[in-house]
Amino acid sequence: MKEITTNDVLAADPDVQIIDVREAGELSTGMIEDAVHIPSGEILERVGELDKSRRIIAVCHGGGRSGRVAEALTELGYNADTLVGGMSNWEAEGLPMLPPA
């Protein structure tokens, strides 16, 4: 697991899986385009929704929960990283966000 920057996310392979692990109530500010919402507390029961052959970038509000999720996924054999500063950093940099699906 690596901590990656917003620039790394923007430059990532288009086949990357971005998972937003925030709780539903935290999504009102928006999500990264093409991100999938899987709350951190549901990640182990929903791990089958993830493609093990694709890189995963986990995102939360500030980076703590997504780091724990990325670490757990890495232990399960996934190529998972976490976004440093989470959506707080993404929003502070003025990067595009879409309303949650």
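So, here is what we can say about the structure in this document. The shown structure was predicted, so the numbers you read here are calculated from the model rather than taken from an experiment.

Attention shifts here to the overall build of the chain. When helices and strands are tallied, the chain shows three helices and five strands. In the chain, the succession of helices and strands from N to C terminus is β-α-β-β-β-α-β-α. Against the 2.2 N^0.38 benchmark of 13 Å for 101 residues, the chain shows a C-alpha radius of gyration of 12 Å, consistent with a compact globule. Referenced to the eigenvectors of the C-alpha coordinate spread, the extents of the chain come out at roughly 35 × 30 × 20 Å. The buried share of the chain, reckoned over its 101 residues, is 41%.

With parallel pairing, five strands are arranged side by side in an open sheet as β1-β5-β4-β2-β3. Either end of the sheet is taken by a strand with one partner, and the two such strands are β1 (3-4) and β3 (36-37). By the bridge criterion, two bridges tie strand β2 (residues 17-20) to β3 in an arrangement that is parallel. Counted as the bridge partner of I19 is V36 from β3. Its contacts with the sheet put helix α2 (residues 64-75) on β2, β4 (56-59) and β5 (80-83), and the angle it makes with β5 is roughly 175°.

It is worth spelling out unusual backbone geometry at this point. Both trends apply: most residues other than glycine have a negative phi, and most peptide bonds are in trans. Despite not being glycine, D34 has its phi angle at roughly 70°, a positive value. Following the sequence through the fold, D34 ends up in the loop between β2 and β3.

Mapped onto the fold, V36 is located in strand β3. Relative accessible area serves as the criterion here: at 41%, V36 is assigned to the partly exposed category. Taking the C-alpha atoms as reference points, V36 and V21, separated by 15 residues in sequence, lie 8.5 Å from one another. Ignoring anything within four residues of it in the chain, the contact list for V36 reads I18, I19, D20 and M31.

The rules we used
- Residues numbered from 1 in each chain as written.
- Predicted model: local features only at pLDDT ≥ 70, side-chain atom pairs only at ≥ 80, totals over all residues.
- Heavy atoms only, no water.
- Helix = DSSP H or I, 4+ residues; strand = E, 2+ residues; numbered from the N terminus.
- Rg over C-alpha atoms; globule rule 2.2 N^0.38 Å.
- Buried < 20%, exposed > 50% of the residue type's maximum accessible area, 1.4 Å probe, protein only.
- Pairing = 2+ DSSP bridges.
- Contact = heavy atoms within 4.5 Å.
- Axes fitted to C-alpha atoms, helices over the stretch in contact; angles between N-to-C directions.

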